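A closer look at the structure
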2 protein chains.
Amino acid sequence: MKLQNYLREKTAFIENTLNKLLAETGARPSILYEAMRYSVFAGGKRLRPVLVIAAAETVGGRQEDVITAACAIELIHTYSLIHDDLPAMDDDDYRRGRPTNHKVYGEAIAILAGDALLTKAFEILAGCPVPGDDGKVIQRVIKEIAVAAGPCGMVGGQTLDLLSEGKNVDAETLFCIHKNKTGALLRASVRTGAILTGAGEEELAALTTFAEEFGIIFQITDDILNVVGDSTKMGKPVGTDAQRAKATYPAVYGLEQAKRMAREGKDRALAALRSFDTKADPLRLLVNYLLEREK
Amino acid sequence: MKLQNYLREKTAFIENTLNKLLAETGARPSILYEAMRYSVFAGGKRLRPVLVIAAAETVGGRQEDVITAACAIELIHTYSLIHDDLPAMDDDDYRRGRPTNHKVYGEAIAILAGDALLTKAFEILAGCPVPGDDGKVIQRVIKEIAVAAGPCGMVGGQTLDLLSEGKNVDAETLFCIHKNKTGALLRASVRTGAILTGAGEEELAALTTFAEEFGIIFQITDDILNVVGDSTKMGKPVGTDAQRAKATYPAVYGLEQAKRMAREGKDRALAALRSFDTKADPLRLLVNYLLEREK
């Protein structure tokens, strides 16, 4: 199979569903929905919802049963980008080649659009159709996602990242930042796909190991791109991490060692998928994609 | 019964539970939890969790069955205050007589503490124990609260409020702002208490009417206090709404007409409780309290 075709098919389904979930329905004031939609439809890779679907399919589930939750996770991811870009945080003017939310709508609306996306995500999760109509499965998934996105997950990681700027961070702090800031929601994406489609405990454990390795590789390769990437392809400037003295893998380990760590992580990620058949191929190809990506 | 005793007993139970729910448990970085706790334990009246409990008791429910959800709603209320106070929003330096969150922890941490409280609230809701172990009831409550707090509720109301500053707003816009900004979460509080303890549809409808009237009275009396209140008792300056040309009931209707509207709302709120016995007395007394409050 070709990853490119798989991604094209899945992202079309995701875009379509996001569009329906974020219909304005005459909400007032419309500028709030406009700001929410501006960042949601800003050309993201949809990696998290793709992971939800690919994990579901790995254990024999159907994409229709996880698409709503997958899109809710993408809204949480988008809110985090809007807030991270704010002047009080990373103060970024561009993302994916377009002005950031607060550059277009102003700080107040950007904060509120982020708040609205986060809250909307939980509204959508609570309204998820569940196979077997089992409310407890949704309860479990909401908890999984909230823990991953909250103070012991993504928000905690972003806080630690901000506090670490300009400081000499050790390897343990670096790991802790990224495990929470980006790793937690990627892990929750994979687990959500598996839990919602009734994965067994062993399958869930294997996919969790995969997801944790995937999260680390994602961050290492993201950090490497900020050093050696092509800013035109990425739609944002490179070298910004070094300018801000951010805690990154190349900064702590050096570029070559960081690349080696990504390759070793790939071996472990693929090993975690050993017990699955070809239905896990999209997950396998996504790991390769991380190591070869240019944005 | 004395409302004062009722409030003393309930708020002690609420404080105690909030304290347990926001235990640090070694989370990293601890400053994030410190900032979250700073605003949660800043001397709020706990009106929303009290409403959850009082509504539950009105339909024969027990406070133990709704306390977790009640506290989750208080966290959502607290997050909204932190974000509303930010320089990009209302730019308030004091709340309840203490410096606002961003004055103590800086803007970045204040934004993150708000984000963390909102997310934590949904984690707590998803972990709510439910009588009968029925996950679908929790799903319904989470949806109820998320809708009330989201773009068609609280966040939408705050956006419209911000956009209306300095403009001549009409009565319909004023109503729309407050129905969403403060009314929606008060309404969800009452409904959450009732839904979680198995209220019948007629009971729920009566309590919803009560809650909607309660929300309007709350906002009218809040607006009036900003005109005629005692800043020492309130812990924040008065006259700020007029300075900012905010959309308020006294500004749109005049002080005397606003007072009359509050009294008429009280009659309707009490009428909505007609079918309930003395178990609804706390709700009845709370309406009187709104009209007599000094902060």
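Up top you'll find the structure we're talking about.
A brief look at the structure comes next. (Residues numbered from 1 in each chain as written. Chains lettered and ligands numbered in written order. Predicted model: local features only at pLDDT ≥ 70, side-chain atom pairs only at ≥ 80, totals over all residues.)

1. Concerning the overall build of chain A
Helix and strand counts for chain A stand at 15 helices and 2 strands. Relative to the 2.2 N^0.38 estimate, which gives 19 Å for 295 residues, the radius of gyration of chain A is 18 Å and therefore close to what a compact globule would have. Across the 295 residues in chain A, those meeting the buried criterion constitute 53%. Contacts spanning at least 24 positions in sequence make up 70% of the contacts within chain A whose residues lie at least 6 apart. (Helix = DSSP H or I, 4+ residues; strand = E, 2+ residues; numbered from the N terminus. Rg over C-alpha atoms; globule rule 2.2 N^0.38 Å. Buried ≥ 20, exposed ≤ 12 C-beta atoms within 10 Å, placed from the backbone. Contact = placed C-beta atoms within 7 Å.)

2. What about the nonpolar core?
Formed by 186 residues in total, the largest nonpolar core has its most connected members in Ala113, Leu125 and Ile142 of chain A together with Ala113, Leu125 and Ile142 of chain B. Ignoring anything within four residues of it in the chain, the contact list for Ala113 of chain B reads Leu32, Ala35, Met36, Ser39, Ile82, Asn101 and Tyr105 of chain B. (Core = buried A, V, L, I, M, F, W, Y, C linked by C-beta atoms within 7 Å.)

3. Side note on the interface of chain B and chain A
Facing the 45 residues of chain B at the interface are 45 residues of chain A. Counting residues per element, the ones that place at least two in the side of chain B that touches chain A are helix 2 (30-40), helix 6 (107-126), helix 7 (135-149) and helix 8 (154-164) of chain B. Here the side of chain B that touches chain A gets 13 residues from one element, more than from any other, and that element is helix 6 of chain B. Counted by class, the side of chain B that touches chain A contains 28 nonpolar, 9 polar and 8 charged residues. (Nonpolar A, V, L, I, M, F, W, Y, C, P; charged D, E, K, R; others polar.)

4. Observations concerning helix 6 of chain B
For an α-helix, the turn length of 3.6 residues means that residues three or four places apart are oriented alike. Given a rise of 1.5 Å per residue, 20 residues ought to cover 28 Å, and the 29 Å separating the end C-alpha atoms of helix 6 of chain B matches this to within 8%. For helix 6 of chain B, the buried fraction is high: 19 of the 20 residues fall into the buried class. (Expected span 1.5 Å × (residues − 1).)

5. Overview of the relation of the copies chain B and chain A
Overlaying chain B on chain A yields an RMSD of 0.0 Å, the required transformation being a rotation through 180° with an accompanying axial translation of 0.0 Å. When the rotation and shift are considered jointly, the pair of chain copies conforms to a two-fold rotation axis. Among all residues of chain B, the minimum C-alpha distance to the rotation axis is found for Gly135 of chain B, at 2.1 Å. Mapped onto chain A, 100% of the interface residues of chain B again fall at the interface, so both copies present the same surface. (Least-squares fit on C-alpha atoms with pLDDT ≥ 70 in both.)

6. Section: the environment of Ala70 of chain B
Inspection of the secondary structure assignment puts Ala70 of chain B in helix 4 (residues 67-85). With 55 residues separating them along the chain, Ala70 of chain B and Leu125 of chain B place their C-alpha atoms 9.2 Å apart.

7. Let's talk about the packing of helix 8 (residues 154-164) of chain A against helix 6 of chain B
Following both chains from N to C, one finds helix 8 of chain A and helix 6 of chain B inclined at 165°, their axes separated by 10 Å at the closest point. Between helix 8 of chain A and helix 6 of chain B, the interaxial angle falls into the category roughly antiparallel. Handedness of the helix 8 of chain A/helix 6 of chain B crossing: left-handed. On helix 6 of chain B, the residues touching Val155, Gln158, Thr159 and Leu162 of chain A of helix 8 of chain A are Ala108, Ile109, Leu112, Asp115, Ala116 and Thr119 of chain B. Considered class by class, the residues forming the contact of helix 8 of chain A with helix 6 of chain B number 6 nonpolar, 3 polar and 1 charged. (Axes fitted to C-alpha atoms, helices over the stretch in contact; angles between N-to-C directions. Parallel < 35°, antiparallel > 145°, perpendicular 65-115°, else oblique. Left-handed = near helix turned anticlockwise from the far one by under 90°.)

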